[in-house]
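Residues per chain, in single letters:
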Amino acid sequence: MSETLTCTSPPVTRLAVAGAINATKQYGKGDTIVTALDNVTVDFHAHEFTAIMGPSGSGKSTLMHNVAGLDTLTSGSVYIGNTDLSGLNDKQLTLLRREKIGFIFQAFNLVPTLSALENITLPTALAGRKPDRAWVDLVVETVGLANRLKHRPSELSGGQQQRVAVARALASQPEIIFGDEPTGNLDSRTGAEILDFMRKAVRDLGQTIVMVTHDPVAASYAERVIFLADGRIVDEMSSPTPDRVLDRLKRFGD
Amino acid sequence: MFRTTLKNLAARKLRLLTTSIAVLLGVAFMAGTLVLTDTVGKTFDNLFANVNAGTSAYVRGETAFGSDLGDQRDRLDASLVQTVSAVDGVQHAEGSIEAYAQLVDKNGKVIGDPKMGAPTFGGIWLTDDKLNPFDLAEGRAPQSTTEVVIDKGSASKGHFVLGDSVKVLTKSGTQTETIVGIATFGGEDSPAGVSYTLFTPDAAQTFLTEPGKIDAIKVVAADGVSDRDLADRIAKAVPAHTQVLTGAEITAENQKAVREGISFFSIFLMTFAVIALFVGSFIIYNSFSILVAQRSKEMALMRAIGASRRQVLGSVLFEAVVVGLIASLAGLAAGIGVATGLKELMNAVGFDTPDGAIVVTSSTVVISMIAGLGVSVASAVFPARKASKVPPIAAMRDVALDTSGSSRKRFVTGSVIGGLGAFTMGAGLFGGAGIGPVALGVPLVFVGVAVLGPVIARPVSWVLGSPLPRLKGMAGTLARENAMRNPKRTSATAAALMIGVALVSFITILASSTKASISQGVDKRFTGDFVIDSGTFGLGGLSPDLAEKLKALPELDAVSGSRMTPTQVNGAATLLSSGDPVAMQKITDFGITEGSFRDLGPTQIAVLKDTATSNGWKIGDTVPVRFAKTGEQQFTIAALFTESDVAEEFFISLTAFDANVADHFDSKVYVTLADGVSAEQGRAAITKVTDGYPQATVQDRTEYKDAQGSEIDMMLNLIYALLALAVFIALLGIANTLALSMFERTRELGLLRAVGMTRRQLRTTVRYESVIIALLGTTLGLAIGVSFGWAMVKALSGNGLSTFALPYSQLTVMAVIAVFAGIAAAILPARRASRLNVLEAIISE
């Protein structure tokens with residue numbers, strides 16, 4: 001795997017930090033076989049905020065889980081940076097997640113026994129390293145958590161908990177951050193706040209984010225939207241707005 | 001509701017198993033003890049009924065008084081056999097003897113250990129088959145004073161065959177005999193491991209009692225005479241102070257004696273079964289508490305859709321009933337296996353039991369079921385009550401972490417229960433209220449500390465886990481946080497281990513204090529150079545001629561045998577010790593405060609000062625002393641002493657002893673060397689004499705101390721082995737709690753794995769959480785054990801326990817073992833947690 005693996009779509013050639021090549025994922029056996037991903041090839045670009053959309057059962061979560069090294073494909077391959085994930089064992093995958101990937105889940109993002117700061121620096125601590133203090137301060141400031149760092153998750157609101165999760169994903173300066181419906185459990189105002197932080201992370205801090213969502217408003221914060229249906233990529237959109245995304249989604253019904 | 005419970009149980013078979021096992025083990029041990037008791041009791045009942053079948057009447061001396069060593073009675077004149085034979089209705093009568101005799105094997109080692117194991121007896125080979133409980137397996141009856149029949153068990157232990165020459169230790173020295181017969185006892189090789197050497201009547205009297213003295217007369221009735229009738233007729237013919245029993249009565253007495261022997265053993269075992277069940281109850285309590293916490297949403301949902309509180313309470317209790325039933329039934333079945341194992345243990349401690357069909361009585365079944373069910377249900381009552389209080393609205397809420405535990409109410413309740421326990425214990429130990437209050441106080445203290453546990457658990461876990469973040473990084477930090485996150489759960493899990501550790505450390509401290517006290521007593525007061533130990537106590541010992549021979553050695557200065565006999569002094573049963581008053585003073589410091597041992601003659605006695613004070617006796621007073629042989633005798637108090645190491649409470653001269661006691665054996669001979677004789681020279685001279693006495697071991701001061709210590713160690717090891725069960729159940733409890741916690745933390749574990757925790761790190765986290773719990777239990781257990789030990793030593797300070805000794809190295813070893821036990825308990829839960837599918841864990845609900 002080399003850095004020449006790029007997306008050739010116009011208008012400019014951009015560097016891919018992660019992606020899938022001919023990725024297929026099937027569940028079950030024989031007659032009951034279900035194809036969640038059907039020969040999907042996709043690249044995620046550096047310093048870009050990408051949203052993956054699609055109706056439920058379209059395979060959007062499966063795609064993300066596989067690219068993030070949380071699941072393994074039936075065939076095809078996925079890569080992060082210059083690493084092909086298909087050959088890696090559990091330990092290598094774990095270290096890869098720790099070093100190169102950040103995660104923001106829909107819920108239960110935080111370890112309840114650790115403080116906000118400890119949660120933010122968890123991946124670095126697991127690696128046995130000291131966090132980059134200046135960077136962590138910058139991240140904490142960006143998400144506005146400076147005065148909440150000593151609190152346990154149970155003492156934080158849902159929005160604050162998600163902000164900690166965003167900070168954690170950013171803190172280890174990963175190559176790519178995956179978000180699995182990161183605002184799914186939040187009210188729209190708090191959700192907007194989190195999405196704003198994510199956008200800032202890409203624009204101002206130069207991070208790369210891939211987010212699975214079914215919310216057109218959330219998707220509109222991204223610079224690029226990939227549409228999945230029945231395990232295939234069916235469309236792509238740059239500079240989305242909520243209305244354009246909604247329109248496109250409506251056409252799935254046709 | 002019940003169907004939901006059953007489905008829940010079926011769905012989590014593993015949990016059902018681990019929870020049940022905690023009770024199962026205790027029930028198995030209890031059932032095993034009961035089965036063993038019944039089986040062995042039944043076997044011996046049959047055995048004695050069988051061997052005594054031909055005995056119609058049994059004549060012996062009246063009971064003079066009871067003692068710890070059995071009823072004491074005088075012997076009969078052998079001439080009484082003629083008197084009894086002449087009674088109308090007697091077909092045949094024979095004298096019998098049961099006295100000390102011990103065989104020596106071909107390597108010069110004694111067979112049997114009458115001090116720790118079964119007694120070794122000598123007796124008369126009875127000529128009448130009906131009266132003789134033995135049957136010849138090989139050879140013939142003894143016909144001269146140099147011929148004996150021995151039991152088959154001893155023959156195989158000593159590898160003897162017919163025609164072998166054998167040395168037999170008796171009251172009158174070592175006899176050399178020829179084995180002319182090998183006999184079985186009611187078909188068994190030997191009764192309960194007791195060794196028998198059977199002589200002709202003359203030889204038995206000469207060697208074992210004294211010429212003209214026998215222990216009992218066994219009688220066969222003539223045809224048509226009932227046993228009762230016969231006994232009554234004999235009773236009229238014999239002199240006063242003679243007791244006549246029917247065959248049935250002596251059989252019942254034999255059976256009762258064996259049952260009492262077993263019951264001592266079974267009460268001992270039962271204690272440990274109860275401890276195991278007590279520990280198991282903590283596991284059940286904890287399991288159900290966790291289940292209720294985990295299922296509170298489900299319970300709330302039930303409540304929301306219309307289940308009543310009673311129904312929720314009932315469903316949890318019903319689950320406990322199912323667990324209890326399964327555990328009790330399986331425990332009962334396992335108990336039969338345990339009984340077989342315990343029988344081996346009995347054999348190992350010298351109580352040989354014949355083979356017999358396993359007896360499972362209905363009372364065994366009922367007791368086991370009640371114990372298993374009772375413990376399960378009683379332990380689940382509190383969690384069930386808590387479950388019933390879950391409000392329906394909880395179905396809609398997220399269940400928050402329960403870090404509570406330091407409520408004021410809890411603190412007060414725990415302190416009150418613990419304080420009450422400590423007070424009750426103190427009343428038993430120091431107030432003279434006896435063992436009952438102690439047995440009640442100890443569990444109360446445990447429960448009190450367990451109630452206080454959650455208050456203690458957080459800070460102590462924090463301290464115990466403090467090196468972890470530095471040693472193990474984030475995995476260590478998480479381990480400590482996990483141990484602290486639910487103090488109730490952590491402390492309840494640790495409490496189970498606490499009990500075992502407390503008992504083990506208590507026993508260890510008691511043993512080390514006893515050893516230290518003995519050792520100190522020897523150092524301070526024992527001025528002798530060597531002790532010749534007989535290895536027996538109460539039955540047999542060294543022939544007094546050993547001490548006579550030693551006295552003749554020029555290398556030795558003072559020599560005194562030490563004898564003991566059960567007596568009644570002023571109506572109270574006690575042991576009376578005896579020795580050479582002059583020589584003994586050179587050997588040990590009695591701490592004589594008044595009078596002199598020189599004044600001890602045939603009717604003088606020395607009394608421990610405390611005993612004299614409590615009875616209001618002073619020098620010159622007369623006290624009545626009752627002997628089996630001579631009846632009540634008046635003794636004058638000639639000296640008071642303060643040190644009880646050698647003489648216990650009462651001491652008389654050998655002259656007085658020999659005049660009043662039938663059998664003269666030295667249990668020990670104490671020796672000091674003459675001036676200028678080295679230890680080697682002294683030992684060489686002594687050994688030359690003791691070579692003729694196979695049961696004698698020569699010990700210098702250090703060996704003497706060690707020998708007394710080794711007896712304590714033997715007992716200690718047995719208790720350790722039995723307490724290991726309680727500790728093992730506690731470890732199962734830790735494993736169970738961890739497994740349930742891991743299940744509960746599935747999503748958290750998934751998250752940790754997703755953001756980069758390796759399997760190894762996760763295992764480390766689980767392992768050290770377990771170690772912290774184990775150490776918490778050990779810390780609490782040690783604290784309680786040391787307190788108990790201290791209290792016990794203080795309470796027994798009047799009974800020779802002068803020193804409180806903390807065995808630091810052993811207690812440290814226990815803490816180290818606890819660490820490894822914690823690691824072991826974590827193996828399975830850690831493995832399961834680390835093999836979790838990350839993706840499924842994250843998306844699980």
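What counts and what doesn't
Residues numbered from 1 in each chain as written. Chains lettered and ligands numbered in written order. Predicted model: local features only at pLDDT ≥ 70, side-chain atom pairs only at ≥ 80, totals over all residues. Helix = DSSP H or I, 4+ residues; strand = E, 2+ residues; numbered from the N terminus. Buried ≥ 20, exposed ≤ 12 C-beta atoms within 10 Å, placed from the backbone. Rg over C-alpha atoms; globule rule 2.2 N^0.38 Å. Core = buried A, V, L, I, M, F, W, Y, C linked by C-beta atoms within 7 Å. Contact = placed C-beta atoms within 7 Å. Pairing = 2+ DSSP bridges. pLDDT = per-residue confidence, 0-100. Nonpolar A, V, L, I, M, F, W, Y, C, P; charged D, E, K, R; others polar. Axes fitted to C-alpha atoms, helices over the stretch in contact; angles between N-to-C directions. Expected span 1.5 Å × (residues − 1). Bend = angle between axes of the 7 residues up to and from the residue. Parallel < 35°, antiparallel > 145°, perpendicular 65-115°, else oblique. Left-handed = near helix turned anticlockwise from the far one by under 90°.

### A short note on the overall build of chain B
Thinking step 1. The number of helices and strands found in chain B is 24 helices and 25 strands.
Thinking step 2. For chain B, the spread of C-alpha atoms along the three principal axes comes to 95 × 70 × 50 Å.
Thinking step 3. Counting every position in chain B, which comprises 845 residues, the buried fraction comes to 51%.

### Topic: the overall build of chain A
Thinking step 1. Counting its secondary structure elements, chain A contains nine helices and ten strands.
Thinking step 2. Taking 18 Å as the expected radius of gyration for a compact globule of 254 residues, we find that chain A reaches 18 Å, a close match to that expectation.
Thinking step 3. Taken along the three principal axes of its C-alpha coordinates, chain A extends 50 × 40 × 40 Å.
Thinking step 4. Each of the 254 residues in chain A was classed as buried or not, and the buried ones make up 48%.

### Points about the nonpolar core
Thinking step 1. A:Ala167, B:Val219, B:Ala276, B:Met498 and B:Ile729 are the most contacted members of the largest nonpolar core, which has 269 residues in total.
Thinking step 2. Ranked by the residues each element gives to this core, the list is headed by helix H2 (residues 13-51) of chain B, at 18 residues.
Thinking step 3. Apart from residues no more than four positions distant in its own chain, B:Ala276 is found in contact with B:Leu25, B:Gly26, B:Phe29, B:Leu725, B:Ala726 and B:Ile729.
Thinking step 4. B:Val569, B:Ile587, B:Ala638 and B:Ile652 belong to the second-largest nonpolar core, a separate cluster that totals 54 residues.

### Things to note about the pairing of strand S21 (residues 622-627) of chain B
Residue and element names in this part refer to chain B.
Thinking step 1. Strand direction decides the pairing type here: strand S17 (residues 556-569) and S21, joined by two bridges, are antiparallel. Looking at the pairing, Val569 lines up with Val625 of S21.
Thinking step 2. Bridging between S21 and strand S22 (residues 631-641) involves six bridges; their strand directions are antiparallel. For Val623, the partnering residue across the bridge sits in S22 and is Phe635.

### Observations concerning the confidence of the model for chain B
Thinking step 1. Taken residue by residue, chain B gives an average pLDDT of 88. The fraction at 70 or more is 96%.
Thinking step 2. Mean pLDDT values for the elements of chain B range from 67 in helix H1 (residues 2-11) of chain B up to 95 in strand S9 (residues 147-151) of chain B.

### Description of the environment of B:Ala606
All names here are of chain B.
Thinking step 1. Within the secondary structure, Ala606 sits in strand S20 (residues 604-608).
Thinking step 2. Look at Ala606 and you get buried, because 27 C-beta atoms sit within 10 Å.
Thinking step 3. Between the C-alpha atoms of Ala606 and Gly306, which are 300 residues apart in sequence, the distance is 82 Å.
Thinking step 4. In contact with Ala606, not counting residues within four places along its chain, are Phe597, Leu600, Ala638, Ala639, Phe641 and Phe651.

### Examining the interface of chain A and chain B
Thinking step 1. At the junction of the two partners, chain A supplies 23 residues and chain B supplies 23 residues.
Thinking step 2. For the side of chain A that touches chain B, the leading source of residues is helix H2 (residues 90-100) of chain A, giving five residues.
Thinking step 3. Residues of the side of chain A that touches chain B, tallied by class, amount to twelve nonpolar, six polar and five charged.

### Quick word on the sheet that holds strand S1 (residues 57-61) of chain B
Within a sheet, adjacent strands bond to each other through the backbone by hydrogen bonds, running parallel or antiparallel.
All names here are of chain B.
Thinking step 1. Spatially, S5-S14-S1-S15 is the arrangement adopted by the four strands of the open sheet, whose pairing is antiparallel. Sheet topology places strand S5 (90-96) and strand S15 (242-246) at the edges, where each strand pairs with a single neighbour. Strand after strand, the sheet turns through a mean of 20° between neighbouring axes, direction not considered.
Thinking step 2. Strand direction decides the pairing type here: S5 and strand S14 (residues 216-221), joined by six bridges, are antiparallel. Of the residues in S14, the one forming a bridge with Gly95 is Ile217.
Thinking step 3. Across the sheet, helix H6 (residues 227-237) touches S1, S5, S14 and S15, and the angle it forms with S15 is around 170°.

### Re the sheet that holds strand S2 (residues 34-45) of chain A
All names here are of chain A.
Thinking step 1. Pairing is antiparallel in the open sheet, where four strands are placed in the order S2-S1-S4-S5. Both edges of this open sheet fall to S2 and strand S5 (83-84), since each of them pairs with a single strand only.
Thinking step 2. With eight bridges connecting them, strand S1 (residues 16-27) and S2 associate as antiparallel partners. In the sheet register, Gln26 faces S2, and the bridge partner there is Thr35.

### Some words on the environment of A:Ser154
Thinking step 1. In this fold, A:Ser154 is placed in the loop between helix H5 (133-143) and helix H6 (158-171).
Thinking step 2. By the C-beta count within 10 Å, which is 13 here, A:Ser154 ends up partly exposed.

### Examining helix H13 (residues 468-485) of chain B
All names here are of chain B.
Thinking step 1. For H13, which comprises 18 residues, the first-to-last C-alpha distance of 16 Å sits more than 12% below the rise-based estimate of 26 Å (1.5 Å per residue).
Thinking step 2. Along H13, the helix axis deviates most sharply at Met474, where the bend reaches about 115°.
Thinking step 3. Counting buried positions over the 18 residues of H13 gives 14, a clear majority of the element.

### Some thoughts on the confidence of the model for chain A
Parts of the prediction with low pLDDT should not have their coordinates interpreted in detail.
Residues and elements named next belong to chain A.
Thinking step 1. Averaged over chain A, the pLDDT score is 86; the fraction of residues at 70 or greater is 94%.
Thinking step 2. The element-level mean pLDDT for chain A is lowest in helix H9 (residues 242-250), coming to 87, with strand S8 (residues 209-212) highest at 94.
Thinking step 3. Taken together, the stretch residues 1-13 has pLDDT below 50 and engages in 18 contacts with residues farther than four places along the chain or on a different chain.

### A look at the environment of B:Ala639
Residue and element names in this part refer to chain B.
Thinking step 1. One can find Ala639 in strand S22.
Thinking step 2. Overall, Ala639 belongs to the buried group, with 23 C-beta atoms counted inside 10 Å.
Thinking step 3. Those residues within four positions of Ala639 in sequence are excluded, and the remaining contacts are Ile592, Glu594, Gly595, Ser596, Phe597, Asp599, Leu600 and Ala606.

### Topic: unusual backbone geometry
All names here are of chain A.
Thinking step 1. Notably, Gln173 is not glycine yet its phi reads approximately 45°, a positive angle.
Thinking step 2. Within the fold, Gln173 resides in the loop between H6 and strand S7 (176-180).
Thinking step 3. With a phi angle near 45°, Ser239 is a residue other than glycine that sits in the positive phi range.
Thinking step 4. Of note, Ser239 is situated in the loop between strand S10 (232-238) and H9.
Thinking step 5. For Ser239, a count of 10 C-beta atoms within 10 Å translates into the label exposed.

### Describing the packing of helix H20 (residues 701-744) of chain B against helix H22 (residues 759-795) of chain B
All names here are of chain B.
Thinking step 1. Interaxial distance between H20 and H22 falls to 11 Å at its minimum, and their mutual angle equals 140°. Considering the angle they form, H20 stands oblique to H22. For the element pair H20 and H22, the recorded crossing hand is right-handed. Across the interface between the two elements, Ala730, Ile734 and Leu738 from H20 touch Val766, Glu769, Ser770, Ile773, Ala774 and Gly777 from H22.
Thinking step 2. Of the residues belonging to the contact of H20 with H22, the class tally is six nonpolar, two polar and one charged.

### Some remarks on helix H10 (residues 362-388) of chain B
Thinking step 1. In this model H10(B) runs 36 Å from its N-terminal to its C-terminal C-alpha over 27 residues, within 8% of the 39 Å that 1.5 Å per residue would give.
Thinking step 2. Every buried residue of H10(B) is listed here: B:Thr364, B:Ser368, B:Ala371, B:Gly372, B:Val375, B:Ser376, B:Ser379, B:Ala380, B:Pro383, B:Ala384, B:Ala387 and B:Ser388.

### Topic: the packing of helix H14 (residues 487-525) of chain B against H22(B)
Residues and elements named next belong to chain B.
Thinking step 1. The N-to-C vectors of H14 and H22 enclose an angle of 35°; their axes lie 6 Å apart at closest approach. Where H14 crosses over H22, the handedness of that crossing is right-handed.
Thinking step 2. Its residues assigned to classes, the contact of H14 with H22 shows 21 nonpolar, ten polar and no charged.

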